[in-house]
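Coordinate analysis (summary)
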Amino acid sequence: MIWMTLRTQKQSSDTLPAEGLRVAASSNMVAWTEAVAARDGLIKEANLSVERVARERNERIEAFNRLAEKHNAAVQRLNEALAKLVELRTNAPAKAP
């Protein structure tokens, strides 16, 4: 009977390291899974930030382009007005003395 108890204890102590390895492996797997989930969350946040910054940049570029179009149109009108003024001055009839 004592022999059986010792034998049971021996078997039990033999399985403890294996159980410990399984628990450690399971714990490592949980930690790895959590780390991957945290990494993926950070990547998602970074991607959202990049998309937001790119969208804001594009909006500002579009606003600048609209302003440049208005500026170019104003310069064109000014050049046309100056050309008409020069034409009027050069083609003006001579004044009588």
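Our structure is the block above this text.
In this report, the structure presented in the accompanying data block is examined. (Residues numbered from 1 in each chain as written. Predicted model: local features only at pLDDT ≥ 70, side-chain atom pairs only at ≥ 80, totals over all residues. Heavy atoms only, no water.)

1. Side note on the overall build of the chain
Stated formally: Elements are defined by DSSP. Helices are runs of H or I of four residues or more, strands are runs of E of two residues or more, and each kind is numbered from the N terminus. To sort residues, take the accessible area from a 1.4 Å probe on protein chains only and compare it with the maximum for the residue type: under 20% means buried, over 50% means exposed, and anything in between is partly exposed. Calculation of accessible area relied on Shrake-Rupley with a 1.4 Å probe; when residues are assessed, cover is drawn exclusively from the protein chains displayed.
The helix and strand tally for the chain stands at one helix and zero strands. When each of the 97 residues of the chain is scored for burial, the buried share is 0%. Counting only carbon and sulfur atoms, one obtains 63% of the accessible surface of the chain, whose full area is about 9200 Å².

2. Concerning a nonpolar patch on the surface
Rules: Patch membership requires over 30% relative accessible area and the absence of a salt bridge. Like charges are linked within 9 Å, and nonpolar side chains (Val, Leu, Ile, Met, Phe, Trp, Tyr) within 5 Å. In the sections that follow, a salt bridge refers to a side-chain nitrogen of Lys or Arg positioned within 4 Å of a carboxyl oxygen of Asp or Glu.
Nonpolar side chains collect at one region of the surface, where Leu 78, Leu 82 and Leu 85 lie side by side and expose about 270 Å² of accessible area between them. Inspection of the secondary structure puts Leu 78 in helix α1 (residues 2-90). Residue classification places Leu 78 among the partly exposed residues on the basis of a relative accessible area of 49%.

These values are about where atoms sit, not about what they do.
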